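Structural overview for review
Below are the chains, spelled out letter by letter.
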Amino acid sequence: MIRVPYSRSLLPWFLIALTQCSPTVSVRNVNPPPPASTGIHETKAKPAAADLGSSLDLARATEARLLSGDRSAEAMAGYNYAVARVVESLEASGLDPWNQKLTIPNRDGAYQLKARVAFTEQRIQPEKFRMIPTDRYSIGGTYFQHQDKHAGVGAPVAVVLKNPGKGTKYDLDDSNVYGTSTATVSFQGRNAELLLHESLHTDQVTLGGKTFPLAADYSTPLALMIHNTKVEKLGIRRLLLPDRYASTAKMTRLQLYDPKRIPVVFVHGLDSTPATWTPLINAMRDDPEIRKHYQIWVFSYPSGYPYPYSAALLRHELQRTNKLFPDHKPIVLIGHSMGGMVSRLMLTDSGDAIWKAYFGRTPGETHLPGQFRTELEDSLVFEHRPEISRTIFISSPHRGSDIATNYFGRFFSRLIRTPKLIADLRDAAINVVTVDATALTLERAPSSIDTLAPNNRFVKAVANIPLVPGSRYHSIIGDRGKGDTPNSSDGVVPYWSSHLDGALSEKIVPSGHSAHQNPEGIQETLRILHTHLQTGSSR
């Protein structure tokens, strides 16, 4: 084995810098050229409100071409370009077509313009959102090597709240989600209607009594969301300063709620954010059956928390979700790395086994103040979540990782600023621990890295508790392309830690620790989701 010399003082900070500089997403403004079918030879970068009438003229002319029977790519491109310019001009005007009919002058008179949404959700007030035509952007980066765009009729737009409020940057709050929609404009004489479709809900549109495929761009809104919210910066920030970002622990929907679709909940790992799932989300949206039958949610949390506490936060978010959407279908849970350990606790009935491993006595025999008892019971005494129907573990260190105990693991663990609640819990626990040598001994409050160590008391206790009978789970594991399983490792997690007996399937992919972004790992995830549709409650 070749050992590379390094500076103990500089290398950790170099690693931190690398996590902040990865070119995962790039967004560039472009000036889309008018298709030849429009007869326009140049376009303005930022249409003024005065262009709304001429944009409607163009949309009317290009719609007429479609309705005459011309379904060529050129005719569709001309119509889509015109509708995108209508949307831009309308946004520039500051007018509200959602609640009143607008009179829009043009060369020959005026249009009566009204807008409405083609889908219904009581929480959506369209006048509070802005529409951003996606043809104004060119996207790239490692997360978008494959871009999910579909040809058809309509102008794909990203929809986002106009005034999301202060303090939401770096936070994947519902108000920061860029919705995936497509706009169309139809005409009856001088009456024009702008219709906003959710392209994740439907793939067809009707104009003038004729049905067309609906154009869609599933990637650009996602890229804009990651780029504009800077959500990826949450990774290292929340690892080192979890208390400061406590409010970012939440479940977020990436599309409108649909009771007919199966929720897929993604749980990220250490020093990570929901953005890490982008390649897989792109692949899911590119699959017609998966796009039709699933809806994507993400659970985000400060990864500096001890992972049992993060699991307690996930349980609270599941309870909140059940109250908001009591009719939702059973959930498919997908966890990467430490997110897999968090997910495993959703399939586990602990009883008092873990509590006793810490305190050397039962909960009833342990005297703790009420506040601390509640927090500790959330983290150490838990029941499986019945709403979880299937779970996929990806690169998950179920028995810990030696990375947590080596120099860098110990170094980063001490960099993490302990949340006050965790420190107070530690102090309260120390005061009631027995003198039994097998009971809890802590020099300091544990961090997330501490709770990933193979010799950690919690990790060892959980590893000895079987998953609840009837649990359906799968494993996707990397071996760095060496083909040496069972003596393999993904570079962070060895096979002996990521393997789980009883898994319905186990797929070894030629990947490092990011098996959830590996093409074979992504395809295996899609296969499992298809199996879930076909088999329901069976294998």
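Residues numbered from 1 in each chain as written. Predicted model: local features only at pLDDT ≥ 70, side-chain atom pairs only at ≥ 80, totals over all residues. Heavy atoms only, no water.

A tally of helices and strands in the chain yields 16 helices and 19 strands. In the chain, which comprises 539 residues, the proportion classed as buried is 54%. A separation of at least 24 residues holds for 78% of the contacts in the chain among residues at least 6 apart in sequence. Counting only carbon and sulfur atoms, one obtains 52% of the accessible surface of the chain, whose full area is about 23600 Å². (Helix = DSSP H or I, 4+ residues; strand = E, 2+ residues; numbered from the N terminus. Buried < 20%, exposed > 50% of the residue type's maximum accessible area, 1.4 Å probe, protein only. Contact = heavy atoms within 4.5 Å. Areas by Shrake-Rupley, 256 points an atom, 1.4 Å probe, with all protein chains shown as cover.)

Moving on: helix α6 (residues 278-286). Among the 9 residues of α6, 8 are classified as buried, and the element is accordingly described as predominantly covered. For α6, every residue scored as buried is listed here: T278, P279, L280, I281, N282, A283, M284 and R285.

Spatially, the 6 strands line up as an open sheet ordered β2-β3-β9-β8-β7-β4, and their pairing is mixed. Because the sheet does not close on itself, it has two edges, and the strands there are β2 (102-106) and β4 (129-133). Strand-to-strand twist of the sheet, defined as the mean angle between neighbouring strand axes without regard to direction, takes the value 35 degrees. Pairing analysis gives 6 bridges linking strand β3 (residues 109-117) to strand β9 (residues 191-198), with the strands arranged parallel. What sits directly across from L113, in β9, is A192. (Pairing = 2+ DSSP bridges. Axes fitted to C-alpha atoms, helices over the stretch in contact; angles between N-to-C directions.)

Right, let's talk about the nonpolar core for a bit. Grouped together as the largest cluster of nonpolar side chains are 44 residues, with contacts concentrated most on V264, F266, M284 and I334. Every element with two or more residues in this core is listed here: β7 (155-161), α4 (220-229), β14 (262-267), α6, β15 (294-300), β16 (331-336), β17 (388-394) and α16 (519-535). Apart from the residues within four sequence positions on either side, F266 is in contact with W277, L280, I281, M284, I296, W297, V298, F299 and I334. If you look at the next biggest cluster of nonpolar residues, it comprises 41 residues, including A249, A311, L380 and I465. (Core = buried A, V, L, I, M, F, W, Y, C linked by side-chain atoms within 4.5 Å.)

Relative to the assigned elements, L467 resides in the loop between α14 (457-463) and β18 (473-478). Residues L467 and L347, spaced 120 residues apart in sequence, show a C-alpha to C-alpha distance of 5.6 Å. When residues no more than four places from it in sequence are discounted, the contact partners of L467 are R344, L347, F393 and Y473.

With omega at 15 degrees, the peptide bond leading from T485 into P486 counts as cis. Within the fold, P486 resides in the loop between β18 and α15 (495-498). At S395, a position not held by glycine, the phi torsion is positive, near 55 degrees.

On to the sheet that holds β18, then. Ordered by their spatial adjacency, 7 strands build an open sheet running β13-β15-β14-β16-β17-β18-β19, and the pairing between neighbours is mixed. Among the strands making up the open sheet, the edge pair consists of β13 (250-253) and β19 (505-509). The mean inter-strand angle of the sheet, taken between neighbouring strand axes irrespective of direction, is 20 degrees. Across 4 bridges, the pairing between β13 and β15 is antiparallel. Bridge assignment links R253 to a residue of β15, and that residue is W297. The strands touched by helix α8 (residues 307-324) within the sheet are β13, β14, β15, β16 and β17, with β13 carrying the most contacts at an inclination of about 50 degrees.

Counting buried residues in β18 gives 6 out of 6 residues, a clear majority hidden from the surface. Burial along β18 is two-sided: Y473, S475 and I477 and H474, I476 and G478, pointing in opposite directions, are all buried. Here β17 runs beside β18; their pairing, made up of 4 bridges, is parallel. Looking across to β18, one finds that F393 is bridged to S475. Note that β18 and β19 share 5 bridges and pair parallel. From the neighbouring strand, G478 faces β19, where its bridge partner is V509.

In this section: the packing of aromatic side chains. Enumeration over the complete set of coordinates arrives at 8 aromatic pairs. Note on F266 and W277: the rings are 4.6 Å apart at their centroids and 25 degrees apart in plane angle, and the pair reads as stacked. Taken together, the residues span a long stretch of sequence, with F266 in strand β14 and W277 in the loop between β14 and α6 at a distance of 11 residues. Since its relative accessible area comes to 0%, W277 is described here as buried. (Phe/Tyr/Trp six-rings, centres within 6.5 Å; stacked < 30°, edge-to-face > 60°.)

What follows covers the packing of α6 against α16. Where α6 contacts α16, the two axes come as close as 10 Å, and the packing angle between them is 45 degrees. Put simply, α6 runs oblique to α16. The two elements α6 and α16 cross, and the hand of that crossing is right-handed. Taking contact as the criterion, the partners of P279, L280, A283 and M284 in α6 are, on α16, I522, T525, L526 and L529. Split by residue class, the contact of α6 with α16 holds 7 nonpolar, 1 polar and no charged. (Parallel < 35°, antiparallel > 145°, perpendicular 65-115°, else oblique. Left-handed = near helix turned anticlockwise from the far one by under 90°. Nonpolar A, V, L, I, M, F, W, Y, C, P; charged D, E, K, R; others polar.)

It is the contact of helix α2 (residues 52-67) with helix α3 (residues 73-93), at a shortest axis distance of 8 Å, that shows an interaxial angle of 155 degrees. Here α3 runs roughly antiparallel to α2, going by the angle between their axes. Seen from above, α2 lies across α3 with left-handed handedness. Across the interface between the two elements, L52, S55, L56, L58, A59, T62, E63, R65 and L66 from α2 touch E74, A75, M76, G78, Y79, Y81, A82, R85, V86, S89 and L90 from α3.

What follows covers the environment of I262. Here I262 shows up in strand β14. Residues I262 and I290, spaced 28 residues apart in sequence, show a C-alpha to C-alpha distance of 9.5 Å. With residues up to four places along the chain from it excluded, the contact list for I262 reads H293, Y294, Q295, K329, P330, V332, H532 and L533.

Take the environment of T348 next. Take T348: it is sitting in the loop between α9 (338-344) and α10 (353-359). Each C-alpha atom of the pair T348 and V381 lies 9.9 Å from the other, and the pair is 33 residues apart in sequence. Filtering out sequence-adjacent residues up to four positions away, T348 remains in contact with F382, E383, H384 and I465. Among the polar contacts made by the side chain of T348, one reaches the main-chain carbonyl oxygen of R344 at a distance of 2.8 Å. (Polar contact = N/O pair within 3.5 Å; in protein donor to acceptor, adjacent residues only side chain to side chain.)

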